[in-house]
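Survey of secondary and tertiary structure
Next come the chains, spelled out residue by residue.
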Amino acid sequence: MKAVGARLPRYDGVAHVTGRTAFVDDVRVPDMLWAKALRSPVHHAGIVRLDTSKAEAMAGVHAVVTYKDVPRNVYGHLEALGIPGDEPLLAEDDVRYKGQPIAVVAAESEEAAQAAVEAIELELDERPALFDIRKAADPDAPKIHHWGNWYPHFEAEMDRRQIRKGDIDKAFDEADTIVSGVYRPAAIEHCPLEPQTALVVPEASGRLTIYSCTQALYFSMGVVAAHLEWPLNKLKFVGGTVGGGFGGKVDTATETVTSLLALKSGRPVKWRWTREEEFLCSSTRAPWHMEISDAVTKDGWILGRRMLTLHDSGAYARFSPYGVTKHSFHHTGAYTIPNLHFDGYVVFTNRVPTTAMRGFGVTSVSFATEVHVSRTAQVLGIDPFEFRLRNANRIGDTSPNGISYTDPSTVPTILAIAEAIGHELPAEYRTMSRVPRAAELLPEHLTAQVGSTEAH
Amino acid sequence: MNLTINGAEYELSSPPLATLLFALREEVGITGPKAGCNQGGCGACTVLLEGEPVRACLMPLAAVDGASITTVEGLGQPERLSTVQAAFHQEYGSQCGFCTPGMITATHALLERTPSPTRSDIEEALSGHVCRCTGYVKIIQAVEAAARGEVAEESALPGLADAQPGQPDVVIPGSPA
Amino acid sequence: MSVAAHEEQDVLLPRSRDEAIAAFGTGAGITVLGGGTILMPELSAGRLKPDRVLMLARAGLDEIRENGTSLVIGAGVRLADLGDAPEPLATAVRRVGDPEIRNQATIGGNLCASPGPDFPRGDLQAPLIALGATVRSAGSGGERSEPVEDFVTGDPSARLVLELEVPTGRWGASASVRRPHAHAYTILAVSASMATDGSDLRLAVTGAGPHAARLRSVEEGGLAGADPERALNDIQPVDDALASAWYRQKMLPVLVARALSELKEPA
């Protein structure tokens, strides 16, 4: 363990400081073509007509790809986790977010590619758009997804991620106070300094060499192989240094389309997104709407939590059902709450589809829980450290999804922080440890409920 | 058009309104300066023009005909890092590395005109350089270390065999020793 | 990311002031390029496809000279070289972009900046107006000088800015609402200036319309009688990406009051 905490040089440090690190855009091959995309100018519309013939005929244009060129246009990136696909690689019947790619051109220069994009004829039949997840269930809300306005394919075809534990009604009856709050973190753009870029080289052997900025090399290889309906061994992915990803470079947003252009033109093709495309068309961290009501006693126990989560998935599901699932598992944060009633919905809107970003699904509820716990302590007039220590998870407590904690660090961490900042605690709290089960500290009538769960 | 880049003479055929960044990366093949935004807003394309830092993505080629340009490649090489480069390496002032060429270039210019910058001078000099990875703290520490000349010789940076575990600031009771 | 397809464009690179004036002509079909910090992103992205570009990089318009009671600043003078300009111009200059941008951007370019799609631009117009600066330009009808506040209400693209004459020896002050980091677009900024004997009070505002506006309604009161609320008579603010018109209307009198207060009692 001597490497932990030691000051070791980064293996890529010298390359970084001398400008030698090769990012995808630094790779050059002879005869490279450049790609530009035609993207939806509106939030929601049916595609009435798409005619790329003028673009294909332009000087310097070597290939134009649309949904017709994609062997498997709709592929669910997380099909292996049971999340079916809903998102086309290139739009076919409709567009559901502004910026959605419809056709992509490969040409001798970026300017020639852009001129060809402008020559593509696109006729759209605009439809009303939905932006507010709170309105998705209104009777007059526009219908914006073929599955309905929220994801309906959780296990057993449930339309929400649901957790039920203990007896929530009893907890709310016996509470001295109910503390409620609504938490709505906004979308965040990953904004890596390196825009998404792919370079694909068609090899004489029939394989493709794909220079990719992906954070997840083998995952992206699987995505490309699935769309192309190719075996994995026909692809050679060259990954390496990612110029910042933060979760936004897992979507595999450039590799497949660039591969299709390389195959169709027979030439190497590079597609690099502009900063405008990154801001306007790339996936973001999701906005969330969380309503929390905690049933608490005046001596500082959280008896139960009711929680409703609406997650803004944007126009397609992408990874959101997985994000909401993780969110549900962690919705009590660092604390053990014996009675739970949680419902989480993956709601569709006509925004850019949302995706993973550092702590996917969990950062939202950690933020909400911590703020809510602080507010509750304030309402009860209890020291926020003591309130947290009392309710902190212990060894043997169970998480919302029934996992038994074997090594939760909440209690020692809070005590270490209190000591580090000189926050005085009464002896009873200073000597708390994570070893006793929370049950030994709970009011008797709730003791039996700790550890039982009926989560779905 | 003619340019001196990192001490070598080049004759360029890119159009007069092509950006200097385009000419460097696409025509000459010097890829240290990066295209982060192409609008002058991120700093990743920064080069030295007659020693002064400018945005290569905003510089029309015709405006620099006959001029002398220095990129990060000209400031130091792997076999012989500049003090600034060694400081960034030693102080971990770089994570993904994309903003690093711009940061290093701007820092060279800063220390050339202000050898003992205050923190405020450093923040001002790097104010147009966006880093999405590091949170800037170690970048500023690197600049300060370079200014003080407190940089270990390359050979003194330890390899794994010589690693010494560090001491944490706060010990959580029950953590492994 | 600019690509090799500008062959259709005519690039003019005059080597002197006279050559620049001759090349500009009436300005018809000409796009003037100063430092390039505003125009180059548009060209690179293909949003602007000018037929003829007049580059001022070699036109010799980058001199600063003293002329008794004023400073004559060439249109091509870089913002980085205006550190000693009279206040409130120097403060406004220091807030444009960042050090690298200021190494390239020119005062002429900033003066002629068209409004951004969603935000104000041309932050130096207001301090120049407050100082009583005049701009000498060439174009249809020959050379002429006029106050900056008249120049900005005309069509800057029909004139080739040659130089600015900025009075010195005045007191200056400013107050603004802006985020305190580089590249922050100014939401609202008031520039104020007066002669050292307290006469000739002049005020101007950035961010309350498509270009800077002079606040004559406030000036009428003189330093002693100036009423900040009257500034609302001189502006037509709009909603944009940075702030609403309502917010700007609320903040303008506050900023005017602060600028006046600083003129009376410099910090």
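Residues numbered from 1 in each chain as written. Chains lettered and ligands numbered in written order. Predicted model: local features only at pLDDT ≥ 70, side-chain atom pairs only at ≥ 80, totals over all residues. Heavy atoms only, no water.

1. A look at the overall build of chain C
Counting secondary structure elements, chain C contains 10 helices and 12 strands. Taken over the C-alpha trace, chain C has a radius of gyration of 18 Å; the compact-globule value for 267 residues is 18 Å, and the two agree within 12%. When its C-alpha atoms are laid out on the principal axes, chain C stretches across 60 × 45 × 35 Å. Here chain C holds 267 residues, and the buried ones make up 53% of them. Sequence separation of at least 24 residues holds for 58% of the intrachain contacts in chain C that already meet a minimum separation of 6. (Helix = DSSP H or I, 4+ residues; strand = E, 2+ residues; numbered from the N terminus. Rg over C-alpha atoms; globule rule 2.2 N^0.38 Å. Buried < 20%, exposed > 50% of the residue type's maximum accessible area, 1.4 Å probe, protein only. Contact = heavy atoms within 4.5 Å.)

2. Let's talk about the pattern of salt bridges
All names here are of chain A. Evaluation of the coordinates by the stated rule reveals 55 salt bridges over all chains. In this structure, Lys-54 engages Glu-121 in a salt bridge whose closest nitrogen and oxygen atoms are separated by 2.2 Å. Here Glu-121 lies in strand E6 (residues 121-126) and Lys-54 lies in helix H2 (residues 53-57), a separation of 67 residues in the sequence. Of the charged contacts, one joins Arg-160 and Asp-343 as a salt bridge, the two residues approaching to 3.9 Å between their closest N and O atoms. (Salt bridge = Lys/Arg side-chain N within 4 Å of Asp/Glu carboxyl O.)

3. Quick word on the interface of chain B and chain A
Contacts between chain B and chain A engage 51 residues on the former and 45 residues on the latter. Taking both sides of the interface into account, the surface hidden between chain B and chain A amounts to around 3600 Å²; carbon and sulfur atoms contribute 60%. Looking at the side of chain B facing chain A, the largest losses of area belong to B:His89, B:Tyr92 and B:Arg132, adding up to 18% of the total buried there. Note that B:Glu26 and A:Arg272 form a salt bridge whose closest N and O atoms lie 3.2 Å from each other. There are 16 residue pairs in polar contact (both at pLDDT 80 or more) connecting chain B and chain A. Here the side of chain B that touches chain A takes 4 residues from helix H2 (residues 83-90) of chain B, the largest share from any one element. Split by residue class, the side of chain B that touches chain A holds 27 nonpolar, 17 polar and 7 charged. (Buried area = accessible area lost by both parts, 1.4 Å probe. Polar contact = N/O pair within 3.5 Å; in protein donor to acceptor, adjacent residues only side chain to side chain. Nonpolar A, V, L, I, M, F, W, Y, C, P; charged D, E, K, R; others polar.)

4. Quick look at the environment of C:Phe119
Residues and elements named next belong to chain C. Counting through the fold element by element, Phe-119 comes out in the loop between helix H5 (107-111) and helix H6 (125-131). Among the residues examined, Phe-119 registers a relative accessible area of 18% and is labelled buried. In this structure the C-alpha to C-alpha distance between Phe-119 and Ala-130, which are 11 residues apart in sequence, comes to 21 Å. Beyond its immediate chain neighbours, meaning those up to four positions away, Phe-119 contacts Tyr-185, Asp-240 and Leu-242.

5. Quick notes on the packing of helix H3 (residues 100-113) of chain B against helix H5 (residues 137-148) of chain B
All names here are of chain B. Close contact between H3 and H5 brings their axes to 11 Å; oriented N to C, the two are set at 40°. The angle between the axes of H3 and H5 places the two elements in the oblique class. Handedness of the H3/H5 crossing: right-handed. Judged by residue contacts, Met-103, Thr-107, Leu-110 and Leu-111 of H3 engage Ile-139, Val-143, Ala-146 and Ala-147 from H5. (Axes fitted to C-alpha atoms, helices over the stretch in contact; angles between N-to-C directions. Parallel < 35°, antiparallel > 145°, perpendicular 65-115°, else oblique. Left-handed = near helix turned anticlockwise from the far one by under 90°.)

6. Details of the nonpolar core
Grouped together as the largest cluster of nonpolar side chains are 61 residues, with contacts concentrated most on B:Leu3, B:Leu20, C:Ile107, C:Leu111, C:Leu124, C:Leu128 and C:Val148. Once residues within four sequence positions are removed from consideration, C:Ile107 is found in contact with C:Ile73, C:Gly74, C:Ala75, C:Val77, C:Leu79, C:Leu82, C:Leu89, C:Leu124, C:Leu128 and C:Leu164. Counting 42 residues, the second largest nonpolar core, distinct from the first, contains A:Ala136, A:Ile163, A:Tyr183 and A:Ile302. (Core = buried A, V, L, I, M, F, W, Y, C linked by side-chain atoms within 4.5 Å.)

7. Description of the interface of chain C and chain B
Between chain C and chain B, the residue contacts involve 30 residues of the former and 29 residues of the latter. Of the roughly 2400 Å² buried at the junction of chain C and chain B (both faces included), carbon and sulfur atoms supply 60%. Where chain C meets chain B, there are 4 salt bridges. Salt-bridge contacts for B:Arg55 lead to C:Asp98; the nearest nitrogen and oxygen are separated by 3.0 Å. Applying the counting criterion to the chain C and chain B interface returns 10 residue pairs in polar contact (both at pLDDT 80 or more). Mapped by element, the contributors of at least two residues to the side of chain C that touches chain B are helix H2 (39-44), strand E3 (52-55) and helix H4 (99-102) of chain C.

8. Concerning the confidence of the model for chain A
Summarising the model, chain A shows a mean pLDDT of 94, and 96% of its residues fall at 70 or more. pLDDT under 50 marks residues 452-456 of chain A. Its contacts with residues more than four places away, or in other chains, come to 17 contacts. (pLDDT = per-residue confidence, 0-100.)

9. What about the sheet that holds strand E8 (residues 159-167) of chain C?
All names here are of chain C. Strand order in the open sheet formed by 5 strands is E4-E5-E8-E6-E7, with antiparallel pairing between adjacent strands. Of all the strands in the sheet, just strand E4 (64-66) and strand E7 (144-147) have a single pairing partner and so form its edges. On average, each strand axis in the sheet is inclined to that of its neighbour by 25°, with strand direction left out of account. Relative to E7, strand E6 (residues 134-139) runs antiparallel, the two being bridged by 4 bridges. Looking at E7, one finds that Thr-134 is bridged to Pro-147. Its contacts with the sheet place helix H1 (residues 17-24) against E6 and E8, and it is angled at close to 135° to E8. (Pairing = 2+ DSSP bridges.)

10. Looking at the confidence of the model for chain C
Residue and element names in this part refer to chain C. Of the residues in chain C, 97% have a pLDDT of 70 or more, and the chain-wide mean is 93. Note that pLDDT drops below 50 for residues 1-6; the model gives that stretch 26 contacts with residues more than four away or on any other chain. Both scores are given for the predicted complex: the pTM is 0.93, the ipTM 0.92.

11. A look at the pairing of strand E2 (residues 30-33) of chain C
A regular strand places its side chains so that they alternate between the two faces of the sheet. Residue and element names in this part refer to chain C. When E2 meets E3, the two strands line up parallel, connected through 4 bridges. From the neighbouring strand, Leu-33 faces E3, where its bridge partner is Met-55. Crossover handedness for the path E2 to H2 to E3: right-handed. (Right-handed = clockwise from strand over helix to strand, strands pointing away.)

12. Digging into the packing of helix H5 (residues 217-228) of chain A against helix H6 (residues 255-265) of chain A
When two helices pack together, their arrangement is given by the angle between the helix axes and by the axis-to-axis distance. Residue and element names in this part refer to chain A. Where H5 meets H6, the closest approach of the two axes is 9 Å, and the angle between their N-to-C directions is 50°. Relative to H6, H5 is oriented oblique. Crossing of H5 over H6 shows right-handed handedness. Facing Ser-220, Val-223, Val-224, His-227 and Leu-228 of H5, the residues of H6 in contact are Glu-255, Thr-256, Ser-259, Leu-260 and Leu-263. Grouping the constituent residues of the contact of H5 with H6 by class yields 5 nonpolar, 4 polar and 1 charged.

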